[in-house]
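Residue strings, one per chain:
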Amino acid sequence: MIIVWITAVFIECTEHEYQLSYFEIVKTGILGFSWTNEAASSAHAAALLEKSGQSVGFVGFDTGFSNVFEAAAAVAAGSIGREIDPDVVLIFRKLSKKDPQTREKALRELIALLKEKDMEMVELCYNHFATIMDKLAMDGSPTVRVLSLRAASYFISSLKKAAEKQLKVIMPFILFGTCDSSLSVANQAEAVLSENFPGEKSQQASSIFAVTTAKIAVDIIAERHNLLHAQKYDNEDSPEQRISRLTTQCLLTLARLAPLASSNPRFNEILEMFFKDSVVIKKLVKSNASVKAALLGVCLQMPDCIPVFLDTPLATWIISSLDSPDSLVATRAFEAFIQLGSDERFFEKFNIQKAVVPKLLSVIRRKEV
């Protein structure tokens, strides 16, 4: 009955819109829940299972799932009573193999195999794929990232309206993909958008999922998200490389979405709160050149960047970066400085003779050298 109770806890959580995946259940340690009053909990479990339309059996033996967590995830996806075909299950298992070539091969096999399945099975696979899309889309292997986007595109194009229920999970990582450091990944993500959301629909989709995407991006940038740390099987990046790659990617994604802030108040609020987090901003301006440039890129794409510059440490940092030896940082700093110089509030806060002129002279001298 304990196993039934765990499954019911999962159902109850999903009824309150807590979308936990199989991987998240294991990682967050649902086994750490209190086991007191098991009889009462089991009775509650039975009621929840019956409410979901499932028989109150001993979950894990007659449902086709190898453990209770898979069964719980399946209940949340509404798939109890149906099983993923064994050949597809085998492919899903390969997606967590340490060798990136194995993961790449598995994704190719998945895409090919799905074309042979009926739509009911494709939808069932889609629900399970959605629980691991984030990990695949941020994998250390660019090829895995490309193929995960290709698989997502197949699901969306094949299922059409039936794909909508998982788009909140899938779309943020398609948008992240458009700003991937790998050009092949970025091109694939753009193709997913253009093929499945042609014309103005692409912009509409970006607007609809801007808030969800921004929340994930900010959590990754602030190092609060589990995705910042690679899966145990993924050792393609060093920890430092992964942090830099994902931080830059998330900042570039925020910059891509930033123009939407004027028409999306909730998204605009998230951006404002992000820039008010002085601890995070100070850490970012001490990062590498790609992170610094991407950070300024977000500001420059916002409808009104001047308050962001002046109300944060960014204005001072922009001035100090005018003579940066890194051309990308210096270019972004000058773009921001031009914006600042066009607003009288900048002159009210800074002494041009003391703060700006020495930096400009430094740039001139460096050019002469």
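Residues numbered from 1 in each chain as written. Predicted model: local features only at pLDDT ≥ 70, side-chain atom pairs only at ≥ 80, totals over all residues. Heavy atoms only, no water.

1. Focus: the overall build of the protein
Across its full length, the protein carries 22 helices and 0 strands. Counting across all 369 residues of the protein, residues that qualify as buried make up 49%. For the protein, contacts bridging at least 24 residues in sequence account for 71% of all contacts bridging at least 6. On the protein, roughly 18000 Å² of surface is accessible, and the fraction owed to carbon and sulfur atoms is 55%. (Helix = DSSP H or I, 4+ residues; strand = E, 2+ residues; numbered from the N terminus. Buried < 20%, exposed > 50% of the residue type's maximum accessible area, 1.4 Å probe, protein only. Contact = heavy atoms within 4.5 Å. Areas by Shrake-Rupley, 256 points an atom, 1.4 Å probe, with all protein chains shown as cover.)

2. Section: the nonpolar core
In terms of nonpolar packing, the biggest core is built from 104 residues, with Phe129, Phe267, Phe274, Phe275, Phe309 and Leu314 touching the most fellow members. No other element matches the 10 residues that helix α9 (residues 142-159) contributes to this core. (Core = buried A, V, L, I, M, F, W, Y, C linked by side-chain atoms within 4.5 Å.)

3. Considerations on the side chain of threonine 253
Inspection of the secondary structure puts threonine 253 in helix α14 (residues 239-257). Not counting residues up to four positions away in its chain, the partners in contact with threonine 253 are Leu175, Phe176, Cys179 and Thr213.

4. Description of the pattern of salt bridges
With the rule as written, the count across this model stands at 15 salt bridges. With a closest N to O distance of 2.9 Å, aspartate 85 and lysine 117 form a salt bridge. A residue pair is termed long-range when its members are at least 10 positions apart, and aspartate 85 in the loop between α4 (68-76) and α5 (86-94) and lysine 117 in the loop between α6 (100-114) and α7 (119-130) qualify at 32 residues. The class for lysine 117 is buried, based on a relative accessible area of 16%. In this structure, glutamate 269 engages arginine 266 in a salt bridge whose closest nitrogen and oxygen atoms are separated by 3.6 Å. On the criterion of helical spacing, the pair formed by glutamate 269 and arginine 266 is a turn pair, its members being 3 residues apart in helix α15 (residues 265-276). Note on glutamate 269: relative accessible area 41%, which makes it partly exposed. (Salt bridge = Lys/Arg side-chain N within 4 Å of Asp/Glu carboxyl O.)

5. Section: the packing of helix α13 (residues 210-221) against α15
Packed helices, taken two at a time, are described by the angle their axes make and the gap between the axes. Packing of α13 against α15 brings their axes to within 9 Å, and their N-to-C directions diverge by 15°. Of the possible angle classes, the one that applies to α13 and α15 is roughly parallel. For the crossing formed where α13 meets α15, the hand is left-handed. Contacts between α13 and α15 involve Ala210, Val211, Ala214, Lys215, Val218 and Ile221 on the former and, on the latter, Arg266, Phe267, Ile270 and Phe274. (Axes fitted to C-alpha atoms, helices over the stretch in contact; angles between N-to-C directions. Parallel < 35°, antiparallel > 145°, perpendicular 65-115°, else oblique. Left-handed = near helix turned anticlockwise from the far one by under 90°.)

6. A short note on α7
Taking 1.5 Å per residue, 12 residues should reach 16 Å; α7 reaches 16 Å between its end C-alpha atoms and fits that length. For α7, the tally of buried residues reaches 9 of 12 residues, placing the bulk of the element in the interior. Of all the positions in α7, only Met121, Val122, Leu124, Cys125, Tyr126, Asn127, His128, Phe129 and Ala130 are classed as buried. Against the buried residues of α7 lie α5, α6, α8 (133-137), α9 and α10 (167-177). Looking at where α7 begins, the residue whose side-chain oxygen comes 3.1 Å from the main-chain nitrogen of glutamate 120 is aspartate 118. (Expected span 1.5 Å × (residues − 1). Polar contact = N/O pair within 3.5 Å; in protein donor to acceptor, adjacent residues only side chain to side chain.)

7. Re the environment of arginine 145
Relative to the assigned elements, arginine 145 resides in helix α9. Overall, arginine 145 belongs to the buried group, its relative accessible area being 2%. Sequence spacing of arginine 145 and lysine 135 is 10 residues, and the spatial spacing of their C-alpha atoms is 9.1 Å. Separated by 2.6 Å, the side chain of arginine 145 and the backbone oxygen of aspartate 139 make a polar contact.

These figures capture arrangement, not role.
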